[in-house]
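Architecture and fold: a report
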Amino acid sequence: MLLLGLTGSIATGKSTVSQLLSQPPYNLPVIDADIIARKVVEPGTAGYQKIVSHFGPSTPDLLLPPSADIPEDGPDGKGRPLNRPALGRRIFGQGKEEDRKVLNAIVHPAVRYEMYKAMLYAYLSGHWAVVLDIPLLFESGWERICGTVMVVAVRDPDIQMQRLRARDAHLTEEDAKNRVLSQWDVRDKAKRALARGEGAGVVVWNDGDKEQLRREVHRVMGEVRRRSPKWWAWLLLLCPPLAMTAGMYSFLRSWYMKSKWESEKMKEKAKL
C-alpha cells in the first residue's frame, strides 16, 4: 500500500486537495492529522490535561468561557473545550518557538499512535494507497515512511496571505503574517518534495481557481499512479514478506533523501 504524504502550508489549499482525493475517481482513504490532533486534546483526554496544566496558568482565556451551551465544568463534566484562537496566539509568532515545541511534544505522540492504527486498518481493507494529510509532514519526520510526498503550494506569497485573511476573518494582518512565518516556506517544501525524485515527490500548484486545481490534481495523480500501479498494491497485500521488503526499501530511500537534503541545506548555509 502506498503511503501518500500530503502536506503544504497554511491557506495553500491542502484541505481542498485532500477532499478531492477522497472522492471519485480516486476514492482514497484520508487520515487527517488535524482531525486526530483535535480528538486527542478533547476534554477528558491526557493531552487536554497536559495542555491545561502547562499553558493554563499563563493563558487566562485558554478555555472557552462558560455559557448557556458550555457549563463551568464542560458539557460532559470533563472540562470546557480549548479556546483555539487563544492557544494559537500563545504559540504563534516570533520568539514563541519553545511554546510550540511543548505543544508538539504533547500532541504528536498521541497523533502518531492513532494514525498508525488507521494505516493498519486501510492496509487490511485492501486499499492501493492511503493519504496521510499532515501539515507538518517534513517538520515531524513523517516523510521517512511515505512512498510519495505531495506538496500543495502557491508560487505567489500574496495569494497565501489573501486566502488566510479571507478564511479566518478574526485574524489581524500581523496575526496572519505570524502564522505564515511560523511555518516553513511552502516553496521550500515544494523543492524538497521534488528533490526526492520522479514520482517520489510531486507538487500541486494552486495559484488559480478550484477547476484549475482539479486539473492539476489529475495531472499529479497520473504521475503517482505510474509509479505505484494498483497491481503492485495487490501484490504487496497478497505477499506480506514482499510488502515488508518494499516498505523497508521505501523507508531507507526516504531516510537517505531526507539526510541528503539536510546535508545540502547545511552546506548552503555554511557558504553564506
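Under the annotation held in an unreviewed UniProt entry, the chain carries the name Dephospho-CoA kinase CAB5 and is attributed to Cryomyces minteri.

Focus on the overall build of the chain
Within the chain, the regular secondary structure consists of 11 helices and five strands. Here the C-alpha radius of gyration of the chain, 20 Å, is about what a compact globule of 272 residues would show, namely 19 Å. Dimensions of the chain, computed from the C-alpha atoms along their principal axes, are close to 55 × 45 × 40 Å. Going through the 272 residues of the chain one by one, you find that 42% of them count as buried. Here the contacts in the chain between residues at least 6 apart in sequence split such that 71% fall between residues at least 24 apart.

Some remarks on the sheet that holds strand β3 (residues 129-133)
Across a sheet, paired strands are connected by hydrogen bonds in the backbone, their directions being either parallel or antiparallel. Overall, parallel pairing links the five strands, which are arranged β2-β3-β1-β4-β5 in an open sheet. Every interior strand has two partners, whereas the edge strands, β2 (30-32) and β5 (201-205), have only one. Neighbour to neighbour, the strand axes of the sheet diverge by 20 degrees on average, direction disregarded. In this structure, β2 lies alongside β3, joined through three bridges in parallel fashion. Across the sheet, valine 30 pairs through a bridge with valine 131, a residue of β3. Taken strand by strand, helix α9 (residues 210-227) contacts β1 (2-7), β4 (148-153) and β5, and its axis lies near 170 degrees from that of β5.

Examining the packing of helix α6 (residues 157-167) against helix α7 (residues 173-181)
In the contact formed by α6 and α7, the axes pass within 10 Å of each other and the chain directions differ by 125 degrees. Of the possible angle classes, the one that applies to α6 and α7 is oblique. Considering how the two elements wind past one another, α6 and α7 form a crossing that is right-handed. Contacts from Gln160, Met161, Leu164 and Arg165 of α6 reach α7 at Glu173, Ala176, Lys177, Arg179 and Val180. Among the residues forming the contact of α6 with α7, the class breakdown is four nonpolar, one polar and four charged.

Structural notes on the side chain of threonine 148
Relative to the helices and strands, threonine 148 resides in strand β4. The exposure class of threonine 148 is buried, given its relative accessible area of 0%. Separated by 2.9 Å, the side chain of threonine 148 and the backbone oxygen of glycine 199 make a polar contact. Looking at threonine 148, its side chain comes within polar contact range of the side chain of arginine 227, at 3.5 Å. Apart from the residues within four sequence positions on either side, threonine 148 is in contact with Leu2, Leu3, Leu4, Gly5, Arg196, Gly199, Ala200, Val202, Val224 and Arg227.

A look at helix α4 (residues 84-91)
Within the sequence span of α4, burial applies to Ala86, Leu87, Gly88, Arg90 and Ile91. Packing partners of the buried residues in α4 comprise α3 (46-55), α5 (97-124) and α7.

Digging into the nonpolar core
Taken as a class, soluble globular proteins show a tendency for nonpolar side chains to be buried jointly. In this structure, Ile51, Val107, Val111, Met115, Leu132 and Val151 are the most contacted members of the largest nonpolar core, which totals 38 residues. Listed by contribution, the elements that provide at least two residues to this core are α2 (33-39), α3, α4, α5, β3, β4 and α8 (186-194). For this core, the domains that each give at least three residues are domain 1 (1-29 + 127-271) and domain 2 (38-126). What methionine 115 contacts, discounting residues up to four positions off in sequence, is Ile31, Ala33, Ile36, Leu132, Ile134 and Trp142. Counting 21 residues, the second largest nonpolar core, distinct from the first, contains Leu20, Val131, Val224 and Ala233.

A word on unusual backbone geometry
Looking along the chain, the bond that leaves proline 24 and enters proline 25 is cis, with omega of 5 degrees. Considering the arrangement of structural elements, one finds proline 25 in the loop between α1 (14-21) and β2. A positive phi angle, close to 65 degrees, is found at alanine 11, a residue other than glycine. Mapped onto the fold, alanine 11 is located in the loop between β1 and α1. The phi dihedral of asparagine 27 falls on the positive side, at around 55 degrees, and the residue is not glycine. By secondary structure assignment, the location of asparagine 27 is in the loop between α1 and β2.

Observations regarding the pattern of salt bridges
Two side chains bearing opposite charge may form a pair once their charged atoms approach each other closely. Overall, the coordinates contain 17 salt bridges when judged by the stated rule. For lysine 101, the salt bridge is made with glutamate 98, and the minimal N-O distance between the two is 3.7 Å. Highlighted residues: lysine 101 and glutamate 98, both in helix α5, separated by three residues, approximately one helical turn. You can call glutamate 98 exposed: its relative accessible area is 54%. Ionic pairing is found between glutamate 143 and arginine 196, a salt bridge with its closest N-O pair at 3.8 Å. Taken as a pair, glutamate 143 in the loop between β3 and β4 and arginine 196 in the loop between α8 and β5 lie far apart in primary sequence, 53 residues in all. Take glutamate 143: its relative accessible area is 1%, and that puts it in the buried class. We classify arginine 196 as buried; its relative accessible area is 3%. One salt-bridge network, held together by shared partners, links Glu143, Arg192, Arg196, Lys258 and Glu262.

What counts as what
Residues numbered from 1 in each chain as written. Predicted model: local features only at pLDDT ≥ 70, side-chain atom pairs only at ≥ 80, totals over all residues. Heavy atoms only, no water. Helix = DSSP H or I, 4+ residues; strand = E, 2+ residues; numbered from the N terminus. Rg over C-alpha atoms; globule rule 2.2 N^0.38 Å. Buried < 20%, exposed > 50% of the residue type's maximum accessible area, 1.4 Å probe, protein only. Contact = heavy atoms within 4.5 Å. Pairing = 2+ DSSP bridges. Axes fitted to C-alpha atoms, helices over the stretch in contact; angles between N-to-C directions. Parallel < 35°, antiparallel > 145°, perpendicular 65-115°, else oblique. Left-handed = near helix turned anticlockwise from the far one by under 90°. Nonpolar A, V, L, I, M, F, W, Y, C, P; charged D, E, K, R; others polar. Polar contact = N/O pair within 3.5 Å; in protein donor to acceptor, adjacent residues only side chain to side chain. Core = buried A, V, L, I, M, F, W, Y, C linked by side-chain atoms within 4.5 Å. Domains from an automatic or database assignment. Salt bridge = Lys/Arg side-chain N within 4 Å of Asp/Glu carboxyl O.

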